[in-house]
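Observations on the three-dimensional arrangement
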Amino acid sequence: MTTFAKAMAWGRHNKKFLSIGAALLVAALGLTALSKLLHSVRPHEIRHAFDALSAGQIGAALLLTAASYLMLTLYDRFALQVIDRKLPWRTYALASFTSYTLSHNLGLALLTGGSARYRIYRAAGLSGGEVGSVIALASLSFWNGVILLAGLAAMASTQILPFFDWGLSLHWLHLAGLVVLTLCLIPLLLRHFGLETVDIGGWRTPLPNLGRSAAMTAVAALDLAAASAALYVLLPAPDPAAYPAFFLGYALAIIAALISHVPGGLGIFEAVVIATVPGDKAQLLAALLAYRVIYYLLPLLVAAFLLAWHEGKAWRRPVAEAGQSLLRELAPPLLAALVFAGGLILLLSGATPAEMSRMHELKHVLPLPFVEASHIAASLSGTLLLFLAPGLLRRLDGAFVATRALLLAAILFSLAKGFDYEEALILSAICAALQWSRPAFYRTTSLLDAPLSTGWIAAAMTALLTSAFAGFFAYKHVAYSSSLWWQFSLNGDAPRFLRALFGTAVLVAGLSLWRLLAPSSRAGVDKTVTFDQLGRALAAADHSDAFLAFAGDKHFLLADEGDAFLMYRVQGANWIVMGDPVGREERWADLLWKLRERADATQGRILLYQISAACLPFAIDLGLSIVKYGEEARVELAAFSLAGPQAKSLRHAERRAVEEGATFAIIPAAEVEQHLPGLRTVSDEWLAAKKQREKAFSLGSFDPAYLTHFPCAVVRVGGHIVAFANILATPNRAEMSVDLMRHARDVPYGVMDFLFLRLIQHAQAEAYRWFTLGTAPLSGIDGRKLAPMWARSAGFLFRHGETLYGFKGLRNYKAKFATHWEPRYIAGPRGMAFASGMTALHQIVSRPARTKEAHANTPPVPADRGYAASSSP
């Protein structure tokens, strides 16, 4: 292997660390440039300029910000028109607002704003390719708007930017503007000259016609004009004639911030504006700080509070709108960004001088050691909030509890370190929004095992760099010496900053060392596998339980050939596989051994749940202990008939249900969303009557993001839905089954029998081979005297445990239909480790009594959902 090849291999292996290092390097360069640009500026000059901002300037900036975000919604409207998809304004406005709010504050637009758009539009029925087209068309509009407005600004400018003053005349600038303006025409005329679509790696995006392309470019230009004007009006005595030159500097700043991939463009945006825009540097920086608050943080706060309010309303009062679940899905990422911003505020506050008048008032209330300790504690709290925010994004209940505790403590620290009541109010508002959204954070995955993505690490470290820069800039005229560390006084802002900086550095180093030495239960799972990648394996699936992958609560291990995968969850040290691997059987052994090796590398162990006899040889090769779990009730459709004495009870139930007015229908997947209110009513009644709560992993739950992937069989009486079951079916027609089965509290006799009969008859008509009614736990285990202890215990529970679960009754009910019983097994480690694995399994299958949300990183769903029929038989 050549040196270059070795270097490339090393780079691929260390891609995450290289990405973080590159982002931090660019951020450091930007902050270094900003420091040099502000070399002659004193901190008090910035404060005076900030205090000089008038209410009229702030009001104008707020109005222009609102206009800019309104224009942003039109990006998506025109993009949807281009792909010929109609959605209501509230849907694409929510997608646009949340997407741009997240990407403005965190950067990495495709990972933050792009993922928000993806979740909203997927829930609205768009395919993955259509969502990609919307994002691509919106990006094209934005960049063409930049080109258009930059060209016009260059042609209209009456001055050359200081940074580019190389002795050239204005004529050259005007000529350059004309050239740039002609570039704007290229995207406008692409379709006019016959190019109707762009094909990138098999993904096709239609291009807008000339009129629509011009409208999209005009909208982008208006958005950029409003966004830049929101900053311009914050400058002292802004001259309209100087606006074109100002916009050129602003355009360069946003381009530099975007291509740098520094989170939020921190330091980069400010450095480019100060370097290119003429004017007093202290006044420019004050305007930039106010702009950060008005255009970036304020919309984030508004978005988080709106979604938190919607979330609290949805959880505290039953609502039958599918949109509420979408809002609940978007609240965590926005609240995570808000908590991140709160941590940055604490760090910046600890790095800048306190208000002396407040400090002198504080000395009569609190002793100096308490003030000093509060200052350090506030900075440490801010640091921890930066690293807890990703846990909120993943909906971890541990992250919620820790974040709430830190925010409450930070409120007290903010008041105690300098009576920063403004800071305390902001933190209180964040804490209130978080508390109002409490039900969204339901996942019980260990917070200690939560991975930190490259983007979040880069964002956190950039925030720490920014706070350090702010501190050294604020105290750049202080004579640093070793004695400074030990100076304790009310006026000792610089020593307090140094001690807080040291404490933060120690905390970050400790966290890094702990993460480095601790085994990671997510080893090898950092690569996202989408359902588009699973399509080949799903198309060859022989068992319908493969489509439980759509529940969004599992990880996937994909074969290198792409034609097989297995799905699993990690709970503590237990890696639990759901069912047999899916796809070509010759890949199963390799997949299981790969997972076993990954688990072993993290000091973990694997457990295979509800596997079939076909998977037993592989489980034995892995050295696992085999335990029979129960039997799956299967109906061989070719042999099923209602004739004969054995089907007498079914015929009776069917006749009674029909006499009561029961009718059967199958709702196509595309129409399930509009029936969700009626389905939810039935589901809520069933849960309340059975005193049950939603389950996960091996079962689906009443989650709109899950239910809308599949057709749904319903029984109506008097025009109202009284029972339903979502349908899972393999594309090769090997098997059909149901997952979520629920009925209303008061239903006519025989309704569920009627539902199953009609489904079985429908599967027969569609030429499926098998219909499965699911597994009967502990069924078929013969607990004889000489049988193992687990078998004797299982047999005893099956015979005498009706009050606990109803094992025997469930088997008897399914036996009315079943023509064949197929055993299911659990394979796991031996001894006490098996008991630990079963406990972990119970934890991931059980859940709190609140509705489960779709997984935060739910991958796209394939167009072929494995079910072709769209009407009732």
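Up top is the structure.
Each chain carries its own residue numbering, running from 1 in the written order of its sequence. Only residues with pLDDT of 70 or above have their local features reported here, since the model is predicted, and side-chain atom pairs are shown and tallied only from 80 upward, although totals for entire chains, interfaces and linings are computed over all residues. For side-chain calculations, the full set of non-hydrogen atoms in the structure is used, while hydrogens and water are omitted.

Glancing now at empty space enclosed by the protein. Cavities and pockets were defined on a 1 Å grid built over protein atoms only: a cavity is a set of grid points that admits a 1.4 Å probe from which the probe cannot escape, a pocket is an open set flanked by protein on both sides within 12 Å along at least five of seven lines, and lining residues are those with an atom within 4 Å of any such point. Grid points are joined across faces, edges and corners, and a volume is the space filled by probe spheres set on the points. In total, this model carries one cavity of 30 Å³ or more according to the counting rule given. One number sums up the size of the largest cavity: a volume of about 60 Å³. Every residue lining the largest cavity is listed: Leu 140, Ser 141, Asn 144, Pro 187, Pro 208, Ser 213, Met 216 and Thr 217. Labels follow the DSSP assignment, with helices taken as runs of H or I lasting at least four residues and strands as runs of E lasting at least two, numbered in each case from the N terminus. At the level of elements, α7 (128-156) and α10 (210-232) are the ones that each hand at least two residues to the lining of the largest cavity. Considered class by class, the residues forming the lining of the largest cavity number four nonpolar, four polar and no charged. Under this grouping Gly is polar, as are all residues other than the nonpolar Ala, Val, Leu, Ile, Met, Phe, Trp, Tyr, Cys and Pro and the charged Asp, Glu, Lys and Arg.

Only one rule defines a salt bridge in this text: a Lys or Arg side-chain nitrogen within 4 Å of an Asp or Glu carboxyl oxygen. Under the counting rule described, the total for this entry stands at 23 salt bridges. Linking Arg 358 and Glu 422 is a salt bridge whose minimum nitrogen-to-oxygen distance equals 2.7 Å. Of the two residues, Arg 358 sits in helix α15 (residues 356-362) while Glu 422 sits in helix α18 (residues 421-436), which places them 64 residues apart along the sequence. With its nearest N and O atoms 2.7 Å apart, the salt bridge here joins Asp 420 to Lys 417. Each member of the pair, Asp 420 together with Lys 417, is buried. Taken together, the shared-partner salt bridges connect Glu 561, Asp 563, Arg 584, Glu 586 and Arg 587 into one network. Buried means the residue's accessible area, taken with a 1.4 Å probe over protein chains only, is under 20% of the maximum for its type, while exposed means over 50%, and partly exposed covers the values in between.

Helix span, expected: 1.5 Å multiplied by one less than the number of residues in the helix. The first and last C-alpha atoms of helix α25 (residues 676-690) sit 21 Å apart over 15 residues, in line with the 21 Å expected at 1.5 Å per residue. Regarding α25, the residues found buried are Leu 676, Leu 679, Arg 680, Val 682, Ser 683, Trp 686 and Leu 687. Down the axis of α25, the buried side of the element spans an arc of 165°, and every buried residue falls inside it. By definition, the arc is the one covered by directions from the helix axis to the C-beta atoms.

This brings us to the side chain of Thr 383. Position of Thr 383 among the secondary structure elements: in helix α16 (residues 368-393). Only 3.0 Å separates the side chain of Thr 383 from the backbone oxygen of Ser 379, close enough to count as a polar contact. Contact criterion: two residues are considered in contact whenever any of their non-hydrogen atoms come within 4.5 Å of each other. In contact with Thr 383, not counting residues within four places along its chain, are Leu 347, Leu 464, Thr 504, Leu 507 and Val 508. Within 3.5 Å is the distance limit for a polar contact, defined as a pair of N or O atoms, with the added protein rule that one can donate a hydrogen and the other accept it, and that residues adjacent in sequence qualify only through two side-chain atoms.

Attention shifts here to a positive patch on the surface. Taken together, the side chains of Lys 648, Arg 651, Arg 655 and Arg 656 define a basic patch exposed on the protein surface. You can see Arg 655 is positioned in helix α24 (residues 648-659). Patches in this entry comprise residues that are over 30% relatively accessible and not in a salt bridge; like charges within 9 Å are linked, as are nonpolar side chains (Val, Leu, Ile, Met, Phe, Trp, Tyr) within 5 Å. For the accessible areas, the method is Shrake-Rupley and the probe is 1.4 Å, while residue cover comes only from the protein chains on display. The charge count treats Lys and Arg as positive and Asp and Glu as negative. His and the chain ends do not count. All charge positions are set by atom: Lys at NZ, Arg at CZ, Asp at CG, Glu at CD.

Following the sequence through the fold, Ser 141 ends up in helix α7. Residue Ser 141 is classed as buried on the basis of its relative accessible area, which comes to 4%. The residues touching Ser 141, leaving out its near neighbours within four places in the chain, are Tyr 75, Met 216 and Ala 220.

In this section: the packing of aromatic side chains. Each pair of aromatic rings taken from Phe, Tyr and Trp, with Trp reduced to its six-membered ring, is defined by centres within 6.5 Å and is described as stacked if the planes are under 30 degrees apart, edge-to-face if over 60, and tilted in the remaining cases. A full pass over the atoms with the stated rule returns 28 aromatic pairs. A ring pair is formed by Tyr 609 and Tyr 629, whose centres lie 5.4 Å apart and whose planes are at 70°; its orientation type is edge-to-face. Here the residue Tyr 609 occupies a position in strand β7 (residues 605-611), and Tyr 629 occupies one in strand β8 (residues 625-636), the gap between them amounting to 20 residues. Given the relative accessible area of 5%, Tyr 609 is considered buried. Among the aromatic residues, ring-to-ring pairing joins Tyr 69, Phe 97, Tyr 232, Tyr 243, Phe 246, Phe 247, Tyr 250, Phe 269, Tyr 291, Tyr 295 and Tyr 296 into one connected group. Charges are assigned to positions over rings by a cutoff of 6 Å between ring centre and Lys NZ or Arg CZ, combined with an angular limit of 35 degrees from the ring normal. Its guanidinium or amino end placed over the ring of Tyr 296, Arg 292 lies 4.7 Å from that ring's centre, counting from NZ or CZ. Looking at Arg 634, its charged tip hangs above the ring of Trp 770, at a distance of 4.5 Å from the centre.

What follows deals with α18. Given a rise of 1.5 Å per residue, 16 residues ought to cover 22 Å, and the 22 Å separating the end C-alpha atoms of α18 matches this to within 8%. Buried within α18 we find Glu 423, Ala 424, Leu 427, Ile 430, Cys 431, Ala 433 and Leu 434.

Let us look at the pairing of strand β11 (residues 720-729). Within β11, nine of the 10 residues are buried, leaving the element largely enclosed by the surrounding structure. Following DSSP output, two strands are said to pair if at least two bridges run between them. Relative to β11, strand β10 (residues 712-717) runs antiparallel, the two being bridged by six bridges. Paired with Val 715 across the bridge in β11 is Ala 723. Hairpin connection of β10 to β11: two residues between the antiparallel strands, including Gly 718 at a positive phi of 65°. With six bridges connecting them, β11 and strand β12 (residues 735-743) associate as antiparallel partners. Residue pairing across strands places Ile 727 opposite Val 738, the latter belonging to β12. Hairpin connection of β11 to β12: five residues between the antiparallel strands, including Arg 733 at a positive phi of 60°.

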